[in-house]
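Overview (structure and organization)
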Amino acid sequence: MALTITDPRPEVGPGQLFVAGQWRPAGGGERLDVLDPATGRVVTTVAAATATDVHTAVAAARTAFPEWRDTPAKIRARVLRQVSDLIMARADEIAAVESLDVGKPISLCRAVDVPTAADTYEYYAALALTLEGAQRSVPFPAHAYTRREPLGVVGAITPFNFPLILSSTKIAPALAAGNAVVHKPAEDTPLSALLMAELLTEAGVPEGVVNVVTGLGTVAGEALLTHPGVDAVAFTGSTSVGRHAASVAGEHLKPVSMELGGNAAHIVFEDADMNQAVDAVIKAFVFNTGQFCMAGPRLLVARSRYEAFLEILSQAVPGIPVGDPFDETTVVGPMAAEKHLAKVEQYVRIAREEGGRVIAGGERLPGDGFFFQPTVIADLPAGSRVVREEIFGPVLTVQPFDTEDEAVMLANSTEYGLAAGLQTRDVARAHRVAARLDAGIVWVNDWAMLDPALPFGGVKHSGFGRENGPEALEAYTRTKSVLISLA
Ligand code: NAD
């Protein structure tokens with residue numbers, strides 16, 4: 001039976017580009033449809049920037065940069081704090097727009113996306129005051145010191161799955177360090193970026209310091225990668241596009257940070273608290289409908305617990321509330337776009353062909369929305385594509401293991417290395433295994449605990465660079481040494 005979608009949706013007007021503090025249409029007049037993933041219906045359109053539009057946005061950022069760079073850190077911090085306050089003041093509106101655009105449950109937007117974005121601006125407001133160089137001793141008569149300076153104009157390219165949070169994790173530290181930004185949000189989910197342009201302006205970010213160019217990655221994103229006026233690119237997205245983006249940026253000798261795909265393993269050792277483990281395992285694979293770079297879609301369970309754990313999952317997973325994102329009780333919403341749903345369906349088909357045992361879910365829900373049941377698949381052959389590749393949907397594969405060494409080997413056996421997690425009551429094992437996992441972040445006895453103070457980022461094909469923490473602030477600066485002769 002098709003899901004009932006009855007709750008009222010927010011009205012969203014057509015979007016323009018935000019350049020030099022002004023709203024303007026795209027030069028080519030092209031527009032992109034924005035769909036409600038719960039109904040498949042077009043809710044509005046946004047401008048599709050051309051390369052010329054990106055050029056204009058970069059020029060605006062270049063013009064605005066020196067004044068923002070030279071604005072005292074204390075004032076920049078005040079503006080960022082104001083952004084944080086405005087996000088919370090308009091929390092309901094922002095949550096509704098993000099929910100409509102991405103298909104995220106409204107409860108998740110209110111509890112996670114909106115406050116995390118506000119916390120990120122607040123955190124970097126505080127850190128803006130900490131940027132300083134150091135005096136260095138040199139063996140000749142000179143006063144020598146280092147300065148930390150902003151990079152200049154940063155191109156920020158963000159993915160569809162956490163539009164508000166992931167634009168904040170780039171824009172907040174970039175602004176705190178004194179950079180100007182041109183932001184290219186994902187084509188499927190551009191709405192919160194346009195709302196944020198309004199808020200940033202209201203908070204006192206001067207015109208041209210943040211510009212938003214909605215549009216296609218192959219046009220607007222590519223133009224940012226190649227533009228000589230862009231000093232650095234902060235990219236978050238898939239490994240395949242990231243590989244291309246890094247090579248184009250490399251050709252232009254542009255520094256880049258790459259936050260790419262993931263396929264985290266979640267290890268349940270035999271000594272784990274099983275109730276806690278089940279909760280964490282479910283959270284890890286259904287959070288944000290599995291469209292989470294740090295999701296835990298690969299479950300590894302100690303063989304002594306394997307069948308019992310599968311039995312618990314087969315009982316618990318069908319009860320997870322899937323439905324209208326605007327229903328307060330919904331835990332799993334639709335996939336953000338039909339192409340993502342089609343990809344999930346294809347992986348489940350491959351799993352069945354390979355002899356995988358589907359113990360829960362496995363089907364698309366009828367209707368026009370892009371819903372897929374939370375799905376658990378056991379007994380896939382070693383080396384299956386369904387285990388190795390990033391599915392990016394609410395699908396969990398389960399494999400048994402016999403020893404700690406085997407669990408670590410299986411966990412590290414994909415090309416990715418973004419997140420990982422383990423369930424154990426043995427403290428020594430927790431530290432030992434955490435140290436051996438190829439990942440930028442490891443969770444023990446829970447999942448998806450995140451905070452702006454804690455850096456995350458990839459190893460292997462999950463990318464390089466770190467977002468969050470003082471590490472990200474530093475990444476938006478470069479060091480200059482100054483030596484003054486005392487002779
Ligand atoms: P994507 O790679 O398709 O797109 C990401 C962004 O790149 C979009 O804004 C897109 O328009 C742009 N783009 C596309 N082609 C481009 C080109 N030729 N030049 C420049 N820009 C281009 O990714 P997606 O489907 O939006 O997001 C999902 C992926 O992002 C998943 O693989 C997920 O794991 C990853 N992700 C990683 C992190 C992280 O922190 N590591 C966080 C969220 C998502």
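Definitions and limits used
Here the residue index of a chain counts from 1 through its sequence in written order. Residues qualify for local features only when their pLDDT is at least 70, as the model is predicted, and side-chain atom pairs are given and counted only at 80 or more; totals for whole chains, interfaces and linings, by contrast, use all residues. Processing note: side-chain calculations cover all non-hydrogen atoms of the structure and skip hydrogens and water entirely. For this purpose, a residue is taken to be near a molecule or strand whenever a single non-hydrogen atom of the residue falls within 4 Å of it. Here a polar contact is taken to be a pair of N or O atoms separated by no more than 3.5 Å, where protein atoms must pair a possible hydrogen donor with a possible acceptor and residues adjacent in sequence count only if both atoms sit in side chains. Residue burial considers only the protein chains on display, and all accessible areas are found by Shrake-Rupley using a 1.4 Å probe. A helix here means a DSSP run of H or I that spans at least four residues, while a strand means a run of E at least two residues long, and both kinds are numbered starting from the N terminus. By convention here, the domain bounds are inherited from an automatic or database domain assignment. Here the rule is simple: two strands pair whenever DSSP picks up at least two bridges between them. Working convention: axes come from line fits to C-alpha atoms, limited for helices to the stretch in contact. Angles between N-to-C directions cover 0 to 180 degrees. Put simply, the grid is 1 Å and covers the protein atoms alone, a cavity is a trapped set of points that fit a 1.4 Å probe, a pocket is an open set with protein on both sides within 12 Å along at least five of seven lines, and lining residues have an atom within 4 Å of a point. Grid points are joined across faces, edges and corners, and a volume is the space filled by probe spheres set on the points. Charged means Asp, Glu, Lys or Arg here, nonpolar means Ala, Val, Leu, Ile, Met, Phe, Trp, Tyr, Cys or Pro, and polar covers whatever is left, Gly included. Whether two residues are in contact is decided by their heavy atoms: any pair within 4.5 Å suffices. A helix's residues, less one, multiplied by 1.5 Å, set its expected span. Only protein chains enter the accessibility calculation, which uses a 1.4 Å probe; a residue whose area is less than 20% of its type maximum is buried, one above 50% is exposed, and one in between is partly exposed. Using a 1.4 Å probe, buried area is obtained as the accessible area two parts lose upon being combined, added over both of them. Salt bridges are defined as contacts in which a side-chain nitrogen from Lys or Arg sits within 4 Å of a carboxyl oxygen from Asp or Glu.

Within the structure, the ligand sits among 29 residues, and Lys184, Glu187, Glu222, Ser238 and Glu390 are positioned closest to it. Within the contact set of the ligand, an oxygen atom lies 3.1 Å away from a backbone nitrogen or oxygen of Phe160. At a separation of 2.6 Å, an oxygen atom of the ligand approaches a polar side-chain atom of Ser238. Contact with the protein chains covers 91% of the free accessible surface of the ligand, which is 850 Å². Counting only elements with at least two residues in the shell around the ligand, the list comes to helix H7 (217-226), strand E10 (232-236) and helix H8 (239-251). Top contributing element to the shell around the ligand by residue count: H7, with four residues. There are two domains that each give the shell around the ligand at least three residues, and those are domain 1 (17-260 + 461-482) and domain 2 (265-451).

The next point concerns the sheet that holds strand E13 (residues 298-302). Taken in spatial order, the seven strands of this open sheet run E14-E15-E16-E13-E12-E17-E18, and their pairing is mixed. Here the strands that pair on one side only, and so sit at the sheet edges, are strand E14 (357-360) and strand E18 (441-444). Sheet twist, expressed as the mean angle between neighbouring strand axes with direction ignored, is 25°. Bridge analysis of strand E17 (residues 419-423) against E18 gives four bridges, and the strand direction is parallel. By the bridge assignment for E18, Gly421 is matched with Trp443.

Overall, the coordinates contain five cavities of 30 Å³ or more when judged by the stated rule. Put simply, the largest cavity is a space of about 90 Å³. Surrounding the largest cavity, 14 residues form its lining, Gly290, Ala295, Pro297, Glu390 and Phe392 being those nearest its centre. Classifying every residue of the lining of the largest cavity by side-chain character gives eight nonpolar, four polar and two charged. Of the pockets and cavities examined, the second largest cavity occupies roughly 60 Å³.

This part is about the environment of Glu222. Secondary-structure assignment places Glu222 in helix H7. The sequence separation of Glu222 and Arg388 amounts to 166 residues, and the corresponding C-alpha distance is 29 Å. Once residues within four sequence positions are removed from consideration, Glu222 is found in contact with Gly217, His244 and Val248. A distance of 3.0 Å separates a polar atom in the side chain of Glu222 from a polar atom in the side chain of His244.

Moving on: helix H3 (residues 91-102). For H3, with 12 residues, the first-to-last C-alpha span of 16 Å sits near the 16 Å given by 1.5 Å per residue. Within H3, 10 of the 12 residues are buried, which leaves it mostly tucked inside the rest of the structure. Where H3 ends, the next residue or the one after it, Gly103, has phi of about 85°, a positive value.

Turning next to the sheet that holds strand E5 (residues 135-136). Strand order in the open sheet formed by three strands is E5-E6-E20, with antiparallel pairing between adjacent strands. In this open sheet, the two edge strands, each paired with only one partner strand, are E5 and strand E20 (477-485). Inspection of the sheet shows E5 paired to strand E6 (residues 142-150) by two bridges, in the antiparallel sense. Bridge pairing in E6 links Arg136 to Ala144.

In this section: the layout of surface pockets. Within this model, the largest pocket holds a volume of roughly 940 Å³. Pro159, Phe160, Gly237, Ser238 and Val241 are the residues nearest the centre of the largest pocket, which is lined by 40 residues in total. Elements with a contribution of two residues or more to the lining of the largest pocket: H7, E10, H8 and helix H11 (338-353). For the lining of the largest pocket, the element with the most residues is H8, which contributes six residues. Residues belonging to the lining of the largest pocket are distributed by class as follows: 16 nonpolar, 13 polar and 11 charged.

Along its sequence, the chain is carved into domain 1 (17-260 + 461-482) and domain 2 (265-451). Just the C-alpha atoms count here: the centres of domain 1 and domain 2 sit 31 Å apart. Between domain 1 and domain 2, the contact holds 27 residues from the first and 29 residues from the second. Counting the surface lost from both domain 1 and domain 2, the interface buries some 2300 Å², and carbon and sulfur atoms represent 58% of this. A salt bridge links Glu328 to Arg110, with the nearest nitrogen and oxygen atoms 3.0 Å apart. One can count 11 residue pairs in polar contact (both at pLDDT 80 or more) joining domain 1 with domain 2. Of all the elements in the fold, those that place two or more residues in the side of domain 1 that touches domain 2 are H3 and helix H4 (106-128). Sort the elements by how many residues they give to the side of domain 1 that touches domain 2 and H4 lands first, with five residues.

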